[in-house]
Amino acid sequence: MNNPSPVLLATGLTGAIGQALVALMYPSWHIIGIRRSPVNVNTSIECEWIEADLSDYDTLARRVEQALLDRHITRINGFVHVAGVVYSDDIVHTTGFEWEKTLNVNLRAAFELVKVVKPFLFSPASIVFVSSVDALMASTLGPAAAYGASKAGLEGLMRHLAVEWGHEGIRVNSVMVGALREGMGVADPQEAHGLSEHTALGRLGWAKEVAPAIQFLLEEHLSSYITGHTLRVDGGLNLAY
Ligand SMILES: NC(=O)c1ccc[n+]([C@@H]2O[C@H](COP(=O)([O-])OP(=O)(O)OC[C@H]3O[C@@H](n4cnc5c(N)ncnc54)[C@H](OP(=O)(O)O)[C@@H]3O)[C@@H](O)[C@H]2O)c1
């Protein structure tokens, strides 16, 4: 491919944070999104698509690698794992299916995809994982142990990758999101009000307030000496007790 724009490969671009990210990065970046299905997707999202289910780890790596080769992609400048799923259940009622699905989409897909993109990454390059405050603490809105475990794992993977690949000029960071009013966030106004009281800024956030943090960590000229870092974007959640 003869494209002068840096190439961004990302998951979860059909969701709230993903769409906000595309709105920010396009057209200065050439964006390739990995989506589950072309059905019911906002066709105005400015990117090319690779179809792959992130929970299907048997086929995920092969599908994405082949799709990159078919498109004659030789270099990827940034990879962002935005996609996520959550099941709200306490640990006793969390099924094996829910546990596996959550871990596969939120954590294993990141593990599989960084291995796929590695041969396409040349210094300087940047990887960003979208994580959650649930990696550190349980939510008062309801238990979601599988989700919390997956995001804690993602944070660990981020730090290990930062060490393993730092010498090759590949930076790896995460954006740890608090509670938003959209996407996987809190739709119910009463619940949103309750959580706002635990937030220093006194309100929940929006996807468009998360996307610039991802952009910051992707752009070499903005964050060239930052790696292994968790950037919290949570409005000051639980700063006071
Ligand atoms: N919103 C919040 O309050 C909040 C708070 C903390 C952390 N986060 C994190 O932020 C990230 C994005 O959240 P969001 O609010 O933008 O959520 P969202 O609007 O629900 O988007 C989730 C994205 O993940 C994709 N996805 C889920 N399962 C998939 C699969 N099996 N294969 C391929 N794609 C799959 C969805 O694709 P489909 O369109 O195919 O479903 C969608 O693009 C997540 O990692 C989430 O954990 C969000």
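Residues numbered from 1 in each chain as written. Predicted model: local features only at pLDDT ≥ 70, side-chain atom pairs only at ≥ 80, totals over all residues. Heavy atoms only, no water.

The name an unreviewed UniProt entry assigns to the chain is NAD(P)-dependent dehydrogenase, short-chain alcohol dehydrogenase family, from the organism Sulfobacillus thermosulfidooxidans. Entered under Sequence similarities (unreviewed entry) in the UniProt record, the comment concerning the chain runs "Belongs to the short-chain dehydrogenases/reductases (SDR) family." (UniProt positions renumbered as here; feature names shortened; annotations may be inferred.)

**Student:** Please explain unusual backbone geometry as it appears in this structure.
**Tutor:** For residues other than glycine, phi is negative in most cases, and the peptide bonds are mostly trans. The amide bond that connects tyrosine 26 to the next residue, proline 27, takes the cis arrangement and shows omega of 10°. Position of proline 27 relative to the elements: it lies in the loop between helix 1 (16-25) and strand 2 (30-35). The amide bond that connects serine 123 to the next residue, proline 124, takes the cis arrangement and shows omega of -5°. Along the chain, the position of proline 124 falls in the loop between helix 3 (96-117) and strand 5 (125-132). The backbone of histidine 72 shows a phi angle near 60°, a positive value even though the residue is not glycine. Mapped onto the secondary structure, histidine 72 falls in the loop between helix 2 (60-70) and strand 4 (78-81). Its relative accessible area of 54% is what places histidine 72 among the exposed residues. (Helix = DSSP H or I, 4+ residues; strand = E, 2+ residues; numbered from the N terminus. Buried < 20%, exposed > 50% of the residue type's maximum accessible area, 1.4 Å probe, protein only.)

**Student:** Would you mind showing me how to read the side chain of glutamate 98 here?
**Tutor:** With respect to the secondary-structure elements, glutamate 98 resides in helix 3. Here glutamate 98 is buried and forms no salt bridge, its nearest opposite-charge partner lysine 101 lying at an N-O distance of 11 Å. With residues near it in sequence (within four places) discarded, glutamate 98 still touches Tyr87, Asp89 and His93. (Lys, Arg positive; Asp, Glu negative; His and termini not counted. Salt bridge = Lys/Arg side-chain N within 4 Å of Asp/Glu carboxyl O. Contact = heavy atoms within 4.5 Å.)

**Student:** Before we go on, may I ask you to explain the site of the ligand in this structure?
**Tutor:** The local shell around the ligand holds 28 residues, among which Thr14, Arg36, Val82, Tyr147 and Lys151 are the closest. Take lysine 151: an N or O atom from its side chain is 2.8 Å from an oxygen atom of the ligand. Backbone polar atom of glycine 185 to a nitrogen atom of the ligand: 3.2 Å apart, as the coordinates give it. When the free accessible area of the ligand is taken as 890 Å², the share hidden by the protein chains comes to 87%. Broken down by secondary-structure element, the contributors of at least two residues to the shell around the ligand are helix 1, strand 5 and helix 4 (145-165). Ranked by residues supplied to the shell around the ligand, first place goes to strand 5 with 3 residues. (Near = heavy atom within 4 Å. Polar contact = N/O pair within 3.5 Å; in protein donor to acceptor, adjacent residues only side chain to side chain. Areas by Shrake-Rupley, 256 points an atom, 1.4 Å probe, with all protein chains shown as cover.)

**Student:** Mind showing me how you'd approach the packing of aromatic side chains here?
**Tutor:** Each aromatic ring pair is summarised here by two numbers: the centre-to-centre distance and the angle between the ring planes. Summed over all chains, the structure comprises 0 aromatic pairs. The aromatic ring of tyrosine 57 is capped on one face by arginine 108, whose charged end is 3.8 Å from the ring centroid. Over the ring of tryptophan 165 we find lysine 118, and its NZ or CZ is 5.3 Å from the ring centre. (Phe/Tyr/Trp six-rings, centres within 6.5 Å; stacked < 30°, edge-to-face > 60°. Lys NZ or Arg CZ within 6 Å of the ring centre and 35° of its normal.)

**Student:** Looking at this model, I keep getting lost on the sheet that holds strand 6 (residues 170-177). Mind explaining?
**Tutor:** The pairing of strands in a sheet comes from backbone hydrogen bonds and takes either a parallel or an antiparallel form. Pairing is parallel in the open sheet, where 7 strands are placed in the order 3-2-1-4-5-6-7. What marks the edges here is a single partner per strand, and that holds for strand 3 (48-51) and strand 7 (230-233). Neighbour to neighbour, the strand axes of the sheet diverge by 20° on average, direction disregarded. Here helix 4 sits on the sheet in contact with strand 4, strand 5, strand 6 and strand 7, set at roughly 160° to strand 5. (Pairing = 2+ DSSP bridges. Axes fitted to C-alpha atoms, helices over the stretch in contact; angles between N-to-C directions.)

**Student:** What should I look at first to understand a nonpolar patch on the surface in this one?
**Tutor:** Side chains of Ile91, Val92 and Trp99 sit close together on the surface and give an oily, nonpolar patch of about 330 Å² of accessible area. Relative to the helices and strands, tryptophan 99 is located in helix 3. Given the relative accessible area of 36%, tryptophan 99 is considered partly exposed. (Patch = residues over 30% accessible without salt bridge, like charges linked within 9 Å, V, L, I, M, F, W, Y side chains within 5 Å.)

**Student:** Help me understand the nonpolar core, please; the structure alone is not making it clear to me.
**Tutor:** Buried together is how nonpolar side chains tend to be arranged in soluble globular proteins. Residues Leu9, Val64, Leu68, Ile76, Ile127 and Phe129 are the most contacted members of the largest nonpolar core, which totals 39 residues. For isoleucine 76, the residues in contact, after removing those within four places along its chain, are Val7, Leu9, Leu68, Val117, Phe120, Leu121 and Ala125. Listed in part, the 28 residues of the second largest apolar core include Ala20, Val128, Leu180 and Val210. (Core = buried A, V, L, I, M, F, W, Y, C linked by side-chain atoms within 4.5 Å.)

**Student:** Sorry if this is basic, but what is going on with the pattern of salt bridges here?
**Tutor:** Charged atoms that come close allow side chains of opposite charge to pair. All chains considered together, the criterion is met by 8 salt bridges. When the shortest N-O distance is used, the salt bridge between glutamate 155 and arginine 159 registers 3.8 Å. In this pair, glutamate 155 and arginine 159 both sit in helix 4, 4 residues apart, roughly one turn of the helix. Overall, glutamate 155 belongs to the buried group, its relative accessible area being 5%. In this structure, arginine 171 and glutamate 220 form a salt bridge, with 3.2 Å as the shortest nitrogen-oxygen distance. Residue arginine 171 is located in strand 6, and its partner glutamate 220 is located in helix 7 (residues 220-223); the two are separated by 49 residues in the primary sequence. With relative accessibility at 30%, the residue glutamate 220 sits in the partly exposed group.

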